[in-house]
Amino acid sequence: MSVPSSVAKGTVLNFNLGPADIERIADALIAQDKKVQDSVAAEANPTFANVIVPLAALENEQIVDYSVIIFLQNVSTDKDVRDASTAADRKLRAFGIESMMREDVYKAVRAVFDNADEMASLGPEDRRLVEKMEQAFRHHGLALDKEQREQLGKIKTRLSELAIEFNRNINEGDDRAVFTREELEGLPSDFFEGRDTEIVNGQEGFIVTTKYPDYVAVIGKAKREETREHMYLVDHQRCPENIPILQEAVGLRLEAAQLLGYRTHAELALKKKMAKEPAAVLEFIDDLRSRLSDLAGKELNEVVALKKADMEAAGKEYTDFYGWDSRFYSNLVKEKKHNIDDEEVK
């Protein structure tokens, strides 16, 4: 596969890739994938060595290049690069769905899976690899009839489109708030260095975005509850356009699961996990909750006491402990009880 040398195996993420580089790498990945799949499908005598190994090795070889070009949509400061990365993600996802619904490739994998002598000769890890690969194809509808398989393919394609749109909204949908220096009391001096400002009601205000570094700093260090609350609500109310996307995706996931013979999406998803069944997960969560409830109660009482003391010192009435309080008072516990200062560590 011909890819830029800057994306060679073992290198770190390259932010210098341009849109043309990203498109070229995506096309090269698809071309290499097709070549291996065609070779596997053409095997007259499918075995672990000539079917499973090439498919698994291909996935292992491609993961770095794939991750490099897809990750840029989340982190690049260049919109053209983000757009190219998103387009590559869409193209590769669509090809991935197409690949997992190739009957000829599944036939070769299934031949290895059904070969009792071949499976018996494998070690536990290799045998598990075959089982997982066969299951992955089956969960993409290869055991269904043609009509159901086509319906499932449409569902998976739509889910892929929704996922890309959902993530794009999150990546591009950062909101912002403007606070005075007084409202940001508690933030370290370097927080204000080089920060954009604007005049609001005749006062200079500092622009704070919902990007992670800004949000975490304010929610964890701002002494005024009103500031933390405002920042919390700005962050949690962004991307309302994702609500119908999520609602549609939930419905499609259920439809896909039921096509494959499961009652819920959870049942389908957990078949690939250690828990296997939703009941086992719920039992685990309930057991964990009961074991941690006493400790959690003590920790909650500790941070609540700190907030009550703050309210009393400010002459205000304590009402409750909210989501925007958690990180701030947890930081205070670290500082007061454990003598850990994040600013000093930084």
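Residues numbered from 1 in each chain as written. Predicted model: local features only at pLDDT ≥ 70, side-chain atom pairs only at ≥ 80, totals over all residues. Heavy atoms only, no water.

Peer 1: Whenever I open this one, the environment of Glu98 confuses me. Can you help?
Peer 2: On the secondary structure map, Glu98 appears in helix 3 (residues 79-99). For Glu98, a relative accessible area of 47% puts it in the partly exposed group. For the pair Glu98 and Gly153, spaced 55 residues apart in sequence, the C-alpha to C-alpha distance is 8.1 Å. (Helix = DSSP H or I, 4+ residues; strand = E, 2+ residues; numbered from the N terminus. Buried < 20%, exposed > 50% of the residue type's maximum accessible area, 1.4 Å probe, protein only.)

Peer 1: So what exactly am I meant to see when it comes to unusual backbone geometry here?
Peer 2: Across the chain, the bulk of peptide bonds are trans and the bulk of non-glycine residues have phi less than zero. One non-glycine residue, Cys239, adopts positive backbone phi at about 55 degrees. Here Cys239 lies in the loop between helix 9 (225-236) and helix 10 (242-259). Despite not being glycine, Lys276 shows a phi value in the positive range, around 75 degrees. Relative to the assigned elements, Lys276 resides in the loop between helix 11 (265-270) and helix 12 (278-313). On the accessibility criterion, Lys276 (32% relative accessible area) is partly exposed.

Peer 1: Honestly, the nonpolar core in this entry has me stumped. Any pointers?
Peer 2: The nonpolar side chains of a soluble globular protein tend to be buried, and buried together. Residues Val40, Val51, Ile52, Leu55, Val109, Val130 and Phe137 are the most contacted members of the largest nonpolar core, which totals 21 residues. Mapped onto this core, the elements with two or more residues apiece are helix 1 (19-41), helix 2 (48-75), helix 4 (103-114) and helix 6 (124-142). Membership of the second largest hydrophobic core comes to 17 residues, among which are Tyr215, Val216, Ala222 and Met231. (Core = buried A, V, L, I, M, F, W, Y, C linked by side-chain atoms within 4.5 Å.)

Peer 1: Please clarify how the packing of aromatic side chains should be interpreted in this entry.
Peer 2: As enumerated under the stated definition, the model contains seven aromatic pairs in all. Each ring, one from Tyr106 and one from Phe137, has its centre 5.7 Å from the other, and the planes form 35 degrees; the classification is tilted. Here Tyr106, found in helix 4, pairs with Phe137, found in helix 6; they are 31 residues apart in sequence, far enough to count as distant. The class for Tyr106 is buried, based on a relative accessible area of 9%. On the basis of relative accessible area, Phe137 is assigned to the buried category, the value being 4%. Where Tyr232 meets Trp324, the ring centres are 5.6 Å apart and the plane angle is 70 degrees; that geometry is what we call edge-to-face. In this pair, Tyr232 is assigned in helix 9 and Trp324 in the loop between helix 12 and helix 13 (326-338), connecting sequence segments 92 residues apart. Linked through ring pairs, Phe191, Phe192 and Phe206 together constitute an aromatic cluster. The ring of Phe191 has Arg195 lying over it, and the distance from NZ or CZ to the ring centre is 3.8 Å. Seen from the ring of Tyr318, Lys308 lies directly overhead, with NZ or CZ sitting 5.2 Å from the centre. (Phe/Tyr/Trp six-rings, centres within 6.5 Å; stacked < 30°, edge-to-face > 60°. Lys NZ or Arg CZ within 6 Å of the ring centre and 35° of its normal.)

Peer 1: Would you mind going over the pattern of salt bridges with me for this structure?
Peer 2: Pairing is possible between side chains that carry opposite charge, provided their charged atoms lie close to one another. Under the definition given, this model contains 29 salt bridges. For Arg168, the salt bridge is made with Asp83, and the minimal N-O distance between the two is 2.4 Å. One end of the pair, Arg168, is in helix 7 (residues 146-172); the other, Asp83, is in helix 3, with 85 residues separating them in the sequence. Assessed through its relative accessible area of 25%, Arg168 is described here as partly exposed. Note on Asp83: relative accessible area 24%, which makes it partly exposed. Of the charged contacts, one joins Asp325 and Lys307 as a salt bridge, the two residues approaching to 2.6 Å between their closest N and O atoms. Separated by 18 residues along the polypeptide, Asp325 in the loop between helix 12 and helix 13 and Lys307 in helix 12 bring together distant segments of the chain. Residues Asp325 and Lys307 agree in their burial class; the two are buried. (Salt bridge = Lys/Arg side-chain N within 4 Å of Asp/Glu carboxyl O.)

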